[in-house]
Amino acid sequence: MPTSPWTPTARLRGLKPEWLNNPKVWRTEILAGLVVALALIPEAISFSIIAGVDPAVGLFASFTMAVVISVVGGRRAMISAATGAVALVIAPLNREYGLGHLIAAVILAGIIQIVLGSLGVAKLMRFVPRSVMVGFVNALAILIFMTQVPEMYDVPWAVYPLLVGGLALMVFFPRVTKAVPAPLVSIVILTAITVAAGIAVPTVGDKGELPSSLPVPGLPDVPFTLDTLTTIAPYAFAMALVGLMESLMTAKLVDDITDTRSSKTRESIGQGIANIVTGFFGGMGGCAMIGQTMINVKVSGARTRLSTFLAGAFLMVLCIVFGPVVSDIPMAALVAVMVMVSFATFDWHSIAPKTLKRMPAGELAVMAVTVVMVVATDNLAIGVVVGSVTAMIIFAKRVAHLARVSAVTDPDGTTVVYSVTGELFFASSNDLVGQFDYADDPDRIVIDLSAAHIWDASSVAALDAIETKYGQRGKTVEIIGLNDPSADLHGKLSGELTSH
């Protein structure tokens, strides 16, 4: 007897994601999670060192951030963990006040992120121009490569052939099969070679000691006073902003790569929840990890939340159960993976001669400013903000000259009609006042705004100034052709912007 479509079993089957029934997707997600987990270990340890905390603090943060965000985040397949940007922000707090205050700041930062997410801060992403996004991606690729340079400097000679071998495997192995991620194959083969041959090269174990047990939840060891709050608040706010900026930019990048949309508001709130949980488990907090996300999405082909969850879960399993084996992984193998990620991330089309010839100079300038600021400050958030402001200034300068004024005098010479065309806002309206002939115009002036739009108070103030200048000469001004929004704004503000 066939199963009714209204039975509980059928309804549950309808709620299950399609990929749960696809073994190929399962394999891709599981292997992608494993590769990301392996790449997370040395990164998390390095960021712990930057923040001045024990390696376990960074590893615990990467575990809890990945697991929690896989459930509450808005962007599937994106990896969140301990990051260098967050480490740089909270390092001074840890140096001066200790780990307890750092943990408290992480929890407060999470609360701030939830508030900002609920207020719709994610909607500000629509104001990030494409040239800034391209600059962000290219700067990201440069930073990923630059972070690997120290691992290639002043090291045993054997590191270099291992590095070349790892890159070669990742380039050529996909031509044989894509069933297993090439980075995972590269890591396994290079580790087997170094262990079997007894080659002495830097390994993951040289970065720091791996934890031997799961994190235990608890409250931060700080006095719960107003003084503590005022101490941690500036660091928490900075961490919240940096974390949201990097996470939202990464989410947008993954949207473009996968041709799918994600909820930026949910991602903002999810980042806050993940940081709160991370704080209560003694982690240093974090945000989206762009390099590991590129490994997961672009290199390994992951597309679901399963890979994100498994990246965190595998991280703890590798540390606690397979710690001795993981410690033997040569850093050259992981460096090769990150170098490949940096080359895959860079938008080479954006610097092709044909593209450079066709792109407007302003767009190229914005892209260059974004790249330079990110690389100079080692902070993606600063680069995006400066790049966006630069783009706005260039845009305002460009459209400021689009407001045009033309005058036609009636044959009888009693009336002159000024036709204004374009967008009137603070930049364009500044020149508006000087385009009228106050002394020689007849007694009646008509300003036709049918082909214009008033955007701000500066434009209303400019029109008031024009009327005042004509009024001082005993002449009357009539403004016609206002569209509804312009008429509404003009009606509210006209005559109210100057002191009497």
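Check the entry above for the structure.
Residues numbered from 1 in each chain as written. Predicted model: local features only at pLDDT ≥ 70, side-chain atom pairs only at ≥ 80, totals over all residues. Heavy atoms only, no water.

Draft legend 1. Geometry of the overall build of the chain. Looking only at helices and strands, the chain has 20 helices and 6 strands in total. In terms of overall size, the chain is more extended than a compact globule, its C-alpha atoms giving a radius of gyration of 29 Å where 500 residues would be expected to give roughly 23 Å. Summarising its shape, the C-alpha atoms of the chain cover approximately 100 × 70 × 60 Å along the three principal directions. Within the chain, counting contacts between residues at least 6 apart in sequence, those at least 24 apart form 83% of the total. (Helix = DSSP H or I, 4+ residues; strand = E, 2+ residues; numbered from the N terminus. Rg over C-alpha atoms; globule rule 2.2 N^0.38 Å. Contact = heavy atoms within 4.5 Å.)

Draft legend 2. The pattern of salt bridges, seen in detail. As enumerated under the stated definition, the model contains 5 salt bridges in all. Across the pair Lys-264 and Asp-255 runs a salt bridge whose closest N-O atoms are separated by 2.5 Å. With respect to burial, Lys-264 and Asp-255 carry one shared label: buried. Measuring nitrogen to oxygen at the nearest pair gives 2.6 Å for the salt bridge that ties Glu-478 to Arg-444. Of the two residues, Glu-478 is situated in strand S6 (residues 476-480) and Arg-444 in strand S5 (residues 444-454); the sequence distance between them amounts to 34 residues. Given a relative accessible area of 35%, Glu-478 falls into the partly exposed group. (Salt bridge = Lys/Arg side-chain N within 4 Å of Asp/Glu carboxyl O. Buried < 20%, exposed > 50% of the residue type's maximum accessible area, 1.4 Å probe, protein only.)

Draft legend 3. Inspection of the layout of surface pockets at higher detail. Taken as a whole, the largest pocket encloses approximately 660 Å³ of empty space. The wall of the largest pocket is formed by 32 residues, among which Glu-43, Phe-47, Gly-84, Leu-143 and Thr-147 lie closest to the centre. For the lining of the largest pocket, the secondary structure elements donating two or more residues are helix H2 (23-51), helix H4 (84-97), helix H6 (130-148), helix H11 (290-299) and helix H14 (331-345). Within the lining of the largest pocket, the residues separate by chemical class into 19 nonpolar, 8 polar and 5 charged. Taken together, 18 residues make up the lining of the second largest pocket; nearest its centre are Val-121, Leu-124, Met-245, Val-384 and Val-385. Sorting the residues of the lining of the second largest pocket by element identifies helix H9 (226-258) and helix H17 (380-399) as the ones contributing at least two each. Sorting elements by how many residues they give to the lining of the second largest pocket places H17 first, with 7 residues. (1 Å grid on protein atoms, 1.4 Å probe; cavity = no way out; pocket = protein on both sides within 12 Å on 5 of 7 lines; lining within 4 Å. Points joined across faces, edges and corners; volume = space filled by probe spheres on them. Nonpolar A, V, L, I, M, F, W, Y, C, P; charged D, E, K, R; others polar.)

Draft legend 4. Expanded view of H6. The first and last C-alpha atoms of H6 sit 28 Å apart over 19 residues, in line with the 27 Å expected at 1.5 Å per residue. Across the 19 residues that make up H6, a large majority, 14, are buried. (Expected span 1.5 Å × (residues − 1).)

Draft legend 5. Structural context of the packing of H11 against H14. Orientation of H11 relative to H14, taken along the N-to-C sense of each, is 75°, at an axis distance of 10 Å. In terms of orientation, H11 lies roughly perpendicular with respect to H14. Taking contact as the criterion, the partners of Gly-291, Gln-292, Met-294, Ile-295, Lys-298 and Val-299 in H11 are, on H14, Val-337, Met-338, Val-341, Ala-344 and Thr-345. Split by residue class, the contact of H11 with H14 holds 7 nonpolar, 3 polar and 1 charged. (Axes fitted to C-alpha atoms, helices over the stretch in contact; angles between N-to-C directions. Parallel < 35°, antiparallel > 145°, perpendicular 65-115°, else oblique.)

Draft legend 6. Spotlight on the environment of Gly-285. Locating Gly-285 in the fold gives a position in the loop between helix H10 (264-280) and strand S2 (287-288). Residues Gly-285 and Leu-102, 183 residues apart in the sequence, show an inter-C-alpha distance of 9.1 Å.

Draft legend 7. Highlighting the sheet that holds S6. Strand order in this open sheet of 4 strands is S3-S4-S5-S6, and the pairing throughout is mixed. Across the chains shown, the open sheet's two edge strands, defined by having one partner strand only, are strand S3 (404-409) and S6. Mean inter-strand twist for the sheet, computed between neighbouring axes without regard to direction, equals 20°. Two elements, S3 and strand S4 (residues 415-424), share 6 bridges in a ladder whose sense is antiparallel. When the sheet's bridge partners are listed, Ala-407 is paired in S4 with Tyr-418. Its contacts with the sheet put helix H19 (residues 457-471) on S4, S5 and S6, and the angle it makes with S5 is roughly 175°. On the sheet, helix H20 (residues 484-493) packs against S5 and S6 and is oriented at approximately 120° with respect to S5. (Pairing = 2+ DSSP bridges.)

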